[in-house]
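Below, each chain spelled out in residue letters.
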Amino acid sequence: MKEFYQSRKSQRTIVTSVLADHRPLYGGLSQLGGKGVHPGLQDVNVPLNLTFVVRSRAYVLGKLVKPKFYRKIRCLLTLDSKKLGKPIIKSLKDACEYH
């Protein structure tokens, strides 16, 4: 996300994309069992916990005081094995918790 300026009395919604490629899913394939090389790979749904922090900073009294604000966001997703490698095009608004 690029840096931007926003006045105090205004509101803005920022839309961004989260990209990942070849990320290890530690323990994600444990649902398959130990038989063979990955039997039943077409029928597996892998739960994914996406957690990140959005950091913002405000200027008070010019640039003399710069308080920082952190917002932790946690999204619970389920990856369908039939759709792996394709983008998840849906709003995460209902799948995320904001702390």
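The structure this text deals with has already been given above.
Residues numbered from 1 in each chain as written. Predicted model: local features only at pLDDT ≥ 70, side-chain atom pairs only at ≥ 80, totals over all residues. Heavy atoms only, no water.

Undergrad: Got a minute to help me understand the overall build of the protein chain in this structure?
TA: Broken down by element type, the protein chain carries 0 helices and 3 strands. Beginning at the N terminus, the succession of helices and strands in the protein chain can be written as β-β-β. By the burial criterion, 10% of the 99 residues in the protein chain qualify as buried. Taking the contacts inside the protein chain whose residues are at least 6 apart along the sequence as the reference set, 37% of them involve residues at least 24 apart. Carbon and sulfur atoms form 54% of the exposed surface of the protein chain, whose accessible area is close to 9,400 Å². (Helix = DSSP H or I, 4+ residues; strand = E, 2+ residues; numbered from the N terminus. Buried < 20%, exposed > 50% of the residue type's maximum accessible area, 1.4 Å probe, protein only. Contact = heavy atoms within 4.5 Å. Areas by Shrake-Rupley, 256 points an atom, 1.4 Å probe, with all protein chains shown as cover.)

Undergrad: How should I be thinking about the environment of phenylalanine 52 in this particular structure?
TA: Examined against the element boundaries, phenylalanine 52 turns out to sit in strand β1 (residues 45–57). We classify phenylalanine 52 as partly exposed; its relative accessible area is 31%. Setting aside anything within four residues of it in sequence, one finds phenylalanine 52 in contact with Arg71, Lys72, Ile73 and Cys75.

Undergrad: What's the story with a nonpolar patch on the surface in this structure? I'm lost.
TA: Together, Val60, Leu61, Leu64 and Val65 make up an exposed nonpolar region whose accessible area comes to about 420 Å². Checked against the element boundaries, valine 65 lands in the loop between β1 and β2 (68–80). Take valine 65: its relative accessible area is 40%, and that puts it in the partly exposed class. (Patch = residues over 30% accessible without salt bridge, like charges linked within 9 Å, V, L, I, M, F, W, Y side chains within 5 Å. Salt bridge = Lys/Arg side-chain N within 4 Å of Asp/Glu carboxyl O.)

Undergrad: Any chance you could explain the pairing of β2 here in plain terms?
TA: Walk down a regular strand and you will see the side chains alternate between the two sheet faces. Pairing geometry for β1 and β2, over 13 bridges, is antiparallel. Following the sheet pairing, arginine 57 is matched in β2 by lysine 68. Here β2 pairs with strand β3 (residues 96–98) via 3 bridges, running antiparallel. Considered in β3, the bridge of isoleucine 73 is made with tyrosine 98. (Pairing = 2+ DSSP bridges.)

Undergrad: Is there a simple way to explain the sheet that holds β3 in this structure?
TA: Strand pairing in a sheet relies on backbone hydrogen bonds. The paired strands run either parallel or antiparallel. Spatially, 3 strands are ordered β1-β2-β3 in an open sheet, and the strand pairing comes out antiparallel. Edge positions in the sheet fall to β1 and β3, since each has one partner strand and no second. Taken pair by pair, the neighbouring strands of this sheet meet at an average axis angle of 15°, ignoring direction. (Axes fitted to C-alpha atoms, helices over the stretch in contact; angles between N-to-C directions.)

Undergrad: What is the right way to look at the environment of arginine 12 in this model?
TA: Mapping arginine 12 onto the fold places it in the segment before β1. Ignoring anything within four residues of it in the chain, the contact list for arginine 12 reads Phe4, Tyr5 and Gln6. Here the side chain of arginine 12 touches tyrosine 5 through a polar contact of 3.2 Å, landing on its backbone oxygen. (Polar contact = N/O pair within 3.5 Å; in protein donor to acceptor, adjacent residues only side chain to side chain.)

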